[in-house]
Structures are given as C-alpha cells and as structure tokens.
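# A structural walkthrough
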Amino acid sequence: FEYGTFEGVGTKRATKGSRDFEVVCSFIKGGCRMWTMGFVGGFGLVSSESGRFEHATRGRVHHRRGGVLRMMESSVGVGSESRMAASAMPSDNDRSDPLLVRAARGEEVERPPVWMMRQAGRYMKVYQDLAKEHPSFRERSENVELSTEISLQPWRAFRPDGVILFSDILTPLPGMGVGFDIPDRGPVISPALRTVRDIARVTELDPETATPFVGETLRNLRREVGNEAAVLGFVGAPYTLATYCIEGGTSKSYSTIKRMAFSEPETLHKLLNKFATNIANYAQYQIENGAQAVQMFDSWAGQLSPQDYDVFAGPYQKKVIDVVKAKYPSVPLILYISQSSALLERMASTGVDVVSVDWTVDMEDARTRLGQKVKVQGNMDPACLLGTQDFIGERIRDTIEKAGRTGHIMNLGHGVLPNTPEENVAHYFKVVQSWKW
C-alpha cells in the first residue's frame, strides 16, 4: 500500500459493482498521516486503529492526498496480516510533530523537551505496588497490558515529552536463540556465549514472531499519547549485548569479553555482526509499530579504550544506524554510552542524530567538542534529584543554558535512581516545562 498525506479527517465510500466499502482517512500526529479502513459491505479491508491489518480481501481503496482522491489497488489475501509503519512517512519541519522530535532534528523550539531514562520504574509507588502483584520483570515487560500501563505511569504523573517503551535491552535475545532471565540480582544469560559453537547457534531475529508484545505496546502508546509526546523505542547496541552474553550477566571487570576480544577477535566479530543485523531489524520493527525516535544503549562501551571502541563498538553502532537510516532517514536515533567522556566525537561519527551525554562531561564542553550541528541529550547527574528543589532548579537551568536553544533534549546523565523522591521528579519536569527562551 502507498502512504499518502491526508488533509483532515473524512470518510469516502467506494462502490464498484457489488463491492461496497468505505475508507476512513485520519490524521495521526507525530509527523505521520495514516489511514484506516472500515468494512461496510461484503467486501473490503478492515484494520485496527493502529494500522495493523487484521483481515483483508481484494479491493480498491480511495484516499485523499493533496486534496485529490486517488485509487489504489490492494492485494492482501483473506486472513493475512501486514504492518503499516506508524512513522513510515515522517514529515520534515512539521510543526505538528512532537516537541522532542523537532528538537532532535535541530529545529528552534520554544523550550527544551524533557524526559528521563528509566522514568518508568522503581522510584514510583504505583510501579512498586504493581511489581508486588507481578514480581517477574519479564512478565511486566512482556505482557502487553502491564508494559503499556507501566510505560504510561510517568506520563500520567508528569507529562514528559518522551514516553519510552517499558522493556529491556535483552528482550529480543530469546528470538535469537539466547536464553535469559532477570532475577533480583540482575540479568543472567544461560548458557553464556563463549565459543565458536555457541555463537553459531545465534539465529536471525524475526521481531514480529519473537517480540509481538513490543509492537503492540508501542501501538497502544501511540493511541494513548497522540501527539502530546514522542513515543520512544530503544535497543541495546551490539557490544553491550555481547558483553552480557559472554560474561553471562553483569560484570565488574569485563574480563571475559575482553579476553575474547584480545585473543579471539574473529569470534567476537562474528557475534557482533549477528547482533548488529538483528538489532537494526528490531529497531526498524519498533519504528514500524509507532516509535517516533529510538535510543540505542551501549552502556558497557564506555569500559573500552578509545582504540578498542574503534574496533569493537563504534563500527557496529554505525552498522545499526546505517541500516535503520537507509529505510527511515527522518526518524531520530539517539546514542547513549555510560562513562563516555572520552568518546563523544567518536559517538557523533557513527551518524547518530543525538548524542546522549552522561554527567561526567560539562554540557558546555560537550557542545564545544561536538559542534552545533550535533544534537545532544542530557546530562544532569541523577543524584541531583536527591537534593533540595532549589538545587535541582539551579542544575537544570545550568544545563539548559549551556546546551543552548537548539538541538537539546533535557535528560539525566543516566537512569533515575530508585530512591529518588517522586516530588523531586515532579519538580524536575515542572522546571523544564516552564522554561521559556
């Protein structure tokens, strides 16, 4: 099916012989114009509000583009399904796009957009109560109803400019043949990937089959949030996924993956290549189901020297970005690395739209090093939210002023801490949302 730009909302009835059906053309904000089809007679197309086809037969579809009704031929078999990208046709410089998307494109905006990494989670009492009833993290993140509810909890409380999918960077691993769980002590990969034979068992990811709950949650979020905020997807970068899989979980020294990198680099490169292909596919799947921007986390790449980053992390980040951008060039991609002060310029060279800066770099220095063409996110120390509200306000103002008027998304330099008072989080959002240039 061809995507078109529709004007307003309307219903057009098409009749051809005994075939009688109607097409509802609807405007969905966020830089995307979409249409859904409603069944009228004994023939036609039926889709959900999200644009995912649930049933279809052959037919012709009227739609409005640029004020002109056009005809299109459909050829979807009965009972088959197809996805319609919720952001397949993002428009450039569209003032109807969410504030965060416009800022990520480098447009001049009325104030910096604001959200927080890990904004849906343990610091919120409503989340704590839900987790008591559903103690398994995988249940909370892989059950559509629960993951949708958790993603929306901070939206209801604080109205952030970004609503991020509640999930985990390890979520797609089972779809690659890699088992994992997340008990209280942290992620566990079983069995770990440490030999050529182990890595050979890593399979191609089909997100539609392996992670349908991710797509459904994203579509739910788009329906709920509308154009008031950007729906954010996220993925883990190849090196960080490899670190978890080779170490078997979290690590303090990262010695197992570094041993492989320095003694069997070909083996590690095979795994990184597989992960890069799969993660690019996974990011595209999230965009096709409603993500208006995607953040890639390479948390452990900051444990590499710049020399080793150029071999084992940067090239695979770039591979993911290149593949996604080839298909969705207008969808902003954000790259975050913890402890990345030595890597900022290298992060920008991957072709990412926004470099998410951690709190170990002064924002003014980051802007100087990256240049004004590179957009930035961050970068207040999450521990600042443990201070007084006056102190929080001072740090927010310092960060925003140093970042400048364009190309800045206000965020923390890492995830919000579990012991952060909710009233301080509310104050954080209030200060940024009341900012006027």
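I will try to describe carefully the structure that is included in this document. (Residues numbered from 1 in each chain as written. Predicted model: local features only at pLDDT ≥ 70, side-chain atom pairs only at ≥ 80, totals over all residues. Heavy atoms only, no water.)

So, about the overall build of the chain. When helices and strands are counted, the chain shows 16 helices and 16 strands. Counting over 437 residues, the chain shows a buried share of 57%. Put simply, 67% of the contacts in the chain that link residues at least 6 apart link residues at least 24 apart. Summed over all atoms, the accessible surface of the chain reaches about 17900 Å², with 48% contributed by carbon and sulfur. (Helix = DSSP H or I, 4+ residues; strand = E, 2+ residues; numbered from the N terminus. Buried < 20%, exposed > 50% of the residue type's maximum accessible area, 1.4 Å probe, protein only. Contact = heavy atoms within 4.5 Å. Areas by Shrake-Rupley, 256 points an atom, 1.4 Å probe, with all protein chains shown as cover.)

On to the pattern of salt bridges. Summed over all chains, the structure comprises 17 salt bridges. For R105, the salt bridge identified is with E107, shortest N-O distance 2.7 Å. Look at the salt bridges and you will find they share partners, linking D97, R105 and E107 into a network. (Salt bridge = Lys/Arg side-chain N within 4 Å of Asp/Glu carboxyl O.)

Time to look at the side chain of T240. Structurally, T240 can be placed in helix α8 (residues 238–247). The exposure class of T240 is buried, given its relative accessible area of 0%. A polar contact is formed between the side chain of T240 and the backbone nitrogen of W300, at a distance of 3.0 Å. (Polar contact = N/O pair within 3.5 Å; in protein donor to acceptor, adjacent residues only side chain to side chain.)

Taken as a whole, the largest pocket holds about 1300 Å³ of empty space. As for the largest pocket, its lining consists of 41 residues, and the residues nearest its centre are R118, R122, F137, S167 and D168. For the lining of the largest pocket, the secondary-structure elements that each account for two or more residues are α2 (125–133), α3 (137–142) and α8. Among the elements that take part in the lining of the largest pocket, α2 stands out by supplying three residues, more than any other. Its residues assigned to classes, the lining of the largest pocket comprises 22 nonpolar, 13 polar and six charged. (1 Å grid on protein atoms, 1.4 Å probe; cavity = no way out; pocket = protein on both sides within 12 Å on 5 of 7 lines; lining within 4 Å. Points joined across faces, edges and corners; volume = space filled by probe spheres on them. Nonpolar A, V, L, I, M, F, W, Y, C, P; charged D, E, K, R; others polar.)

Among the five residues of strand β12 (residues 293–297), five are classified as buried, and the element is accordingly described as predominantly covered. In the sheet, strand β11 (residues 230–236) pairs with β12 via five bridges, with the strands oriented parallel. Each residue of the ladder has a partner; that of L232, found in β12, is A293. Relative to strand β13 (residues 333–336), β12 runs parallel, the two sharing four bridges. Within β13, the residue paired with M296 across the bridge is L335. (Pairing = 2+ DSSP bridges.)

Look at helix α4 (residues 144–158): 22 Å from first C-alpha to last across 15 residues, which is about the 21 Å you get at 1.5 Å a residue. Most pronounced at L152, the bend in α4 amounts to some 30°, and the proline P154 follows within four residues. Buried-residue contacts for α4 involve α2, α3, β8 (162–164), α7 (212–225) and α16 (422–433). For α4, the N-terminal capping position is held by N143, with its side-chain oxygen 3.0 Å away from the main-chain nitrogen of E145. At the C-terminal side of α4, R159 shows a positive phi close to 55°. (Expected span 1.5 Å × (residues − 1). Bend = angle between axes of the 7 residues up to and from the residue.)

Attention shifts here to the packing of aromatic side chains. Per the stated rule, a full pass over the model turns up nine aromatic pairs. Pairing F234 with F297 gives two aromatic rings, centres 5.7 Å apart and planes at 85°, and the pair type is edge-to-face. Of the two residues, F234 sits in strand β11 while F297 sits in strand β12, which places them 63 residues apart along the sequence. Comparing F234 with F297, the two get one shared label, buried. (Phe/Tyr/Trp six-rings, centres within 6.5 Å; stacked < 30°, edge-to-face > 60°.)

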